Amino acid sequence: MRLIDIIKTANHNLFQNKIRTFLTILAIFIGSFTIVLNTAINSGVNSFIDKQVESIGGDGFIEVFPAAMYDQVNSAMKSGTAATEYNPDTGSALSSNISDSDLEKLRKVEGVNTLEIFHMLSPEWITSNHTDKKYNVAIEYFPNTDFNVDLSAGQMLDHEAKDYEILLTEEYLEPLGFKDPEDAIDKTITIGFKQTTLCYTQPDNCIKKVDAKVVGVQAPGILSMSGELQINAALSDAIYDGSMKGVPVETAAKANIIAVGSVDPEKLDNIREKFRNIGYEIMTIDDTVGMIRTFLDVVLIVFTIFGAIALLAASIGIINTLFMSVQERTREIGLMKALGMGSGKIFLLFSLEATLLGFWGSVFGIAVSVAAGLAGNGIAHSTFLADFPTFSLTEFTPLNVVVITLTIMLVAFVSGTLPAIKAARKNPIDALRYE
Amino acid sequence: MKPLIEVTNLSKTYGKKSTAFRALKDINLTINEGETVAIVGKSGSGKSTLMHLLALLDQPTTGTIKINDINSHKLKQRQLNRLRNREFGFVFQQFFMNANDSVLNNVLLPLKISSTRRRARKKLALDALKTVGLEDKASNKANDLSGGQKQRVCIARAIVNNPKIIFADEPTGNLDSVTGDKVIKLLFDLNRNKKVTLIIVTHDLELANKCQRQIHIKDGKITKDTGTKTSATKKEAKK
Ligand SMILES: Nc1ncnc2c1ncn2[C@@H]1O[C@H](COP(=O)(O)OP(=O)(O)OP(=O)(O)O)[C@@H](O)[C@H]1O
Ligand SMILES: [Mg+2]
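The structure presented is a predicted model; accordingly, all values stated were derived computationally and were not measured.

Draft legend 1. Representation of the coordination of the magnesium ion (ligand 2). Residue and element names in this part refer to chain B. Ser-48 (OG) and Gln-93 (OE1) make up the full set of protein donors to the magnesium ion (ligand 2), lying at 1.9 to 2.3 Å. Here Gln-93 lies in the loop between β6 (88–91) and α3 (103–107) and Ser-48 lies in helix α1 (residues 47–54), a separation of 45 residues in the sequence. What makes Ser-48 buried here is its relative accessible area of 15%. When its relative accessible area of 37% is taken as the criterion, Gln-93 is described as partly exposed.

Draft legend 2. The arrangement of the state of the cysteines in detail. Considering all chains together, one arrives at one disulfide over all chains under this definition. Cys-199 of chain A shares a disulfide with Cys-206 of chain A; S-S distance 2.0 Å. In this structure, the disulfide formed by Cys-199 of chain A and Cys-206 of chain A twists by about 80° around the S-S bond and is classed as right-handed. Residues Cys-199 of chain A and Cys-206 of chain A agree in their burial class; the two are buried. Among the cysteines around Cys-154 of chain B, which has no disulfide bond, Cys-211 of chain B carries the closest sulfur, lying 19 Å off. Residue Cys-211 of chain B is classed as buried on the basis of its relative accessible area, which comes to 1%.

Draft legend 3. Fine view of the sheet that holds strand β1 (residues 3–14) of chain B. Residue and element names in this part refer to chain B. The antiparallel open sheet is built from four strands, whose spatial order is β2-β1-β4-β5. On the outer flanks of this sheet lie β2 (21–32) and β5 (70–71), each paired with one strand and no other. Sheet analysis places β1 next to strand β4 (residues 62–67), joined by five bridges and oriented antiparallel. By the bridge assignment for β4, Thr-8 is matched with Thr-64.

Draft legend 4. Representation of the packing of aromatic side chains. Under the definition given, this model contains 10 aromatic pairs over all chains. Ring plane angle 70° and centroid distance 5.1 Å describe the contact between Phe-88 of chain B and Phe-167 of chain B, whose orientation is recorded as edge-to-face. Placement of the pair is Phe-88 of chain B in strand β6 and Phe-167 of chain B in strand β7 (residues 165–169), with a sequence separation of 79 residues. On the basis of an interplanar angle of 65° and a centroid distance of 5.4 Å, the ring pair of Phe-92 of chain B and Phe-96 of chain B is categorised as edge-to-face. We note that Phe-92 of chain B, like Phe-96 of chain B, is buried. The structure contains a cluster of three or more aromatic residues connected by ring pairs, namely Phe-88, Phe-90, Phe-92, Phe-96 and Phe-167 of chain B. Over the ring of Trp-125 of chain A we find Lys-134 of chain A, and its NZ or CZ is 5.0 Å from the ring centre.

Draft legend 5. A look at the interface of chain B and chain A. With 25 residues of chain B at the interface, the matching set in chain A holds 23 residues. The junction of chain B with chain A conceals about 2,100 Å² of combined surface from both sides, 54% of it contributed by carbon and sulfur atoms. When the buried area of chain B at its contact with chain A is split by residue, Phe-96, Lys-112 and Ile-113 of chain B rank highest and sum to 27% of it. Linking chain B with chain A are one salt bridge. Across the salt bridge formed by Arg-121 of chain B and Asp-5 of chain A, the nearest N and O atoms sit 2.7 Å from each other. At the boundary of chain B and chain A, one finds eight residue pairs in polar contact (both at pLDDT 80 or more). Broken down by secondary-structure element, the contributors of at least two residues to the side of chain B that touches chain A are α1, α2 (77–86), α4 (109–113) and α5 (118–131) of chain B. The element best represented in the side of chain B that touches chain A is α4 of chain B, accounting for four residues. Per-class residue counts for the side of chain B that touches chain A are eight nonpolar, nine polar and eight charged.

Draft legend 6. How the structure looks around the site of ligand 1. Looking at ligand 1, there are 13 residues lining it, with Ser-43, Lys-47, Ser-48, Thr-49 and Gln-93 of chain B nearest. Those chains with residues close to ligand 1 are chains A and B. Taking Ser-43 of chain B, its side chain carries an N or O atom lying 2.6 Å from an oxygen atom of ligand 1. Gly-46 of chain B is positioned with one of its backbone polar atoms (N or O) 3.0 Å from an oxygen atom of ligand 1. Notes on ligand 1: free accessible area 630 Å², of which the protein chains cover 70%. Elements represented by at least two residues in the shell around ligand 1 include exactly β2 and α1 of chain B.

Draft legend 7. Main features of unusual backbone geometry. Residues and elements named next belong to chain B. The residue Lys-17 is not glycine, and still its phi comes out positive at about 50°. Here Lys-17 is to be found in the loop between β1 and β2. Among the residues examined, Lys-17 registers a relative accessible area of 81% and is labelled exposed. Positive phi outside glycine occurs at Lys-195, with the angle close to 60°. Taking the relative accessible area as the measure of exposure, Lys-195 reaches 58% and is therefore exposed.

Draft legend 8. Looking closely at a positive patch on the surface. Taken together, the side chains of Lys-345 of chain A together with Arg-78, Arg-82 and Arg-86 of chain B present a region of like positive charge at the surface. Ranked by residue count, the leading element in the positive patch is α2 of chain B, at three residues. As for its position among the elements, Lys-345 of chain A is in helix α14 (residues 343–382). Residue classification places Lys-345 of chain A among the partly exposed positions, given a relative accessible area of 33%.

Draft legend 9. Structural view of the nonpolar core. Counting 69 residues, the largest nonpolar core has Phe-350 of chain A together with Ile-5, Leu-50, Leu-54 and Phe-167 of chain B as its most contacted members. Among the elements that take part in this core, α14 of chain A stands out by supplying eight residues, more than any other. Counting 51 residues, the second-largest nonpolar core is a separate cluster that includes Leu-173, Ile-231, Ile-285 and Val-289 of chain A.

Draft legend 10. Here's a closer look at the pairing of strand β10 (residues 221–225) of chain B. All names here are of chain B. As paired strands, strand β9 (residues 213–218) and β10 are joined by four bridges and run antiparallel to one another. By the bridge assignment for β10, Lys-218 is matched with Lys-221. Here β9 folds back onto β10 in antiparallel fashion, the turn holding two residues, of which Asp-219 has a positive phi close to 50°.

Rules and cut-offs
- Residues numbered from 1 in each chain as written.
- Chains lettered and ligands numbered in written order.
- Predicted model: local features only at pLDDT ≥ 70, side-chain atom pairs only at ≥ 80, totals over all residues.
- Heavy atoms only, no water.
- Donors = N, O, S within 2.8 Å, 3.2 Å for Na, K, Ca; no water.
- Helix = DSSP H or I, 4+ residues; strand = E, 2+ residues; numbered from the N terminus.
- Buried < 20%, exposed > 50% of the residue type's maximum accessible area, 1.4 Å probe, protein only.
- Disulfide = S-S within 2.5 Å.
- Pairing = 2+ DSSP bridges.
- Phe/Tyr/Trp six-rings, centres within 6.5 Å; stacked < 30°, edge-to-face > 60°.
- Lys NZ or Arg CZ within 6 Å of the ring centre and 35° of its normal.
- Contact = heavy atoms within 4.5 Å.
- Buried area = accessible area lost by both parts, 1.4 Å probe.
- Salt bridge = Lys/Arg side-chain N within 4 Å of Asp/Glu carboxyl O.
- Polar contact = N/O pair within 3.5 Å; in protein donor to acceptor, adjacent residues only side chain to side chain.
- Nonpolar A, V, L, I, M, F, W, Y, C, P; charged D, E, K, R; others polar.
- Near = heavy atom within 4 Å.
- Areas by Shrake-Rupley, 256 points an atom, 1.4 Å probe, with all protein chains shown as cover.
- Patch = residues over 30% accessible without salt bridge, like charges linked within 9 Å, V, L, I, M, F, W, Y side chains within 5 Å.
- Lys, Arg positive; Asp, Glu negative; His and termini not counted.
- Charge placed at Lys NZ, Arg CZ, Asp CG, Glu CD.
- Core = buried A, V, L, I, M, F, W, Y, C linked by side-chain atoms within 4.5 Å.

Coordinates in, geometry out; function isn't part of it.
Structural data, given as structure tokens:
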């Protein structure tokens, strides 16, 4: 029998018992749907992140933290404190130190272009005239401006300006009492920070305030996801000087220090390794989004396991269906063998029937997940993703779809082997006499 | 005349030990090319069993079967399949059709198995259906035919591959005498025109007498074998 005839016969046999076949396919469909949609969401979100990271630029930008501080920064970012209400008991201070000799060593590492000391600022809260509440805030001053910051209103910070300037993110608009991005421009906000020395003598009254002008609002994107507000050089200096007031100069120079710089992105791995040996950790833009990626990967794995369990259950369904099919077709098998069909072809006929079950199951799974994905994209774009017209929540790559289909077909084939062997081993006469 | 099938000391036992049943006991016979042989006997005497063994569908418990001077034990499974597919035609006692498939598909099954091209096998199957007078039923579902029509479909399937030997188990069992005669005429025409050897299991004595040779079986033993008739008696039989 030709392969094409075997495939046609297998497919024909499949639809002899429509309800049974449908139920078996449904089980496979659930597994395939879960895996395909989940992979599509993962690759959609990941490619969104890629695009964002790419659009920000700053490939070679690094922040260097003393190893101990790195953990603090990391957990602060993970807990996501942006725009939550301020609680005076928890505070925000981070302390660190980078010695001059270490800085020299770090600068000499191959691939490091520039590396400058940079004062980390840890203000206590942010507020405005339009609200009574104070909110947690993290601010960031990027001395080198090779980032493309997306603004939904206003303009970029001027690091040369004498005025204190800040960029808000959209998360802060409503808490601070602004209607929309435009509304916030040129308004004044107030940042509170601790004057460290004062806190020893008057712990309840050591918070100083500084007013700054909102020059722009950052569009939602990967940079704003970190929750940090960007400020200009003048404001950075003001907050730093204010918080270090009364501290001896040498001590002040060593508090809350990190280094920022730019490196050759190609050599990043090597640089990271060398820095670690000296006792410092590097954080790149990719690392900042890396946490989001890790989360996504965990979601992917969890759902893939769900899908795999569904497929496992489905494959037992396939075995069952095929055993019934072999039983029902006992005479047919006997007839074909009597008419000279070889055992190998009989095996192929039934294992192909199983493989086709897998094929149809995954095809329906893919079709429905593509439909669901498109519908999901539509809903997302009219609601929570309205600001990201270019972001598709789900992305179906042909490779993923093909790999998933082939895997499911393989699983189905393997499930079909046992019943197919049973069919192939039947003796023609016994099979023909079977009532 | 060339011997086609030679059987020596053939016996077949079904089951094991306490349930063992000797369905065939020490059968010896030779069937020549172009012969028409009737296997007759009461129900349960072992006719179908013998036919299945001759057609190499089943293995004997003891004894040998030679086809064209080749011991069947020596044939590989592939060769055996090929032999059954290309050289043999079968009409089984209980039809054995794929009830949900079309009449045409049932008839062309042997050709499908032998990997004949689509167009050729369709043509051959339609020819075979025409021979049994059922060409207008080609696209009907096999299950929807009457008993006699089903029997004729089975005959069409048995002749579709132009076999050298046709094994027919009760080919007229379900037919009225008119249709039965037609079927018989058809088989004997194949014998006359194409030298097809006929091995027919029947308890219909009229049909048995039309064959050149009758092998009588009782309780698994040959009780009477008329042997190949001479050409003179053959002519006589034709009258
Ligand atoms: N697979 C089997 N297992 C056990 N006994 C069997 C088996 N096949 C046939 N027999 C027995 O062998 C004997 C011969 O059976 P067979 O089918 O050859 O009879 P038959 O002459 O063709 O009868 P009928 O005219 O009714 O078709 C019967 O007694 C039957 O019960
Ligand atoms: Mg019988």
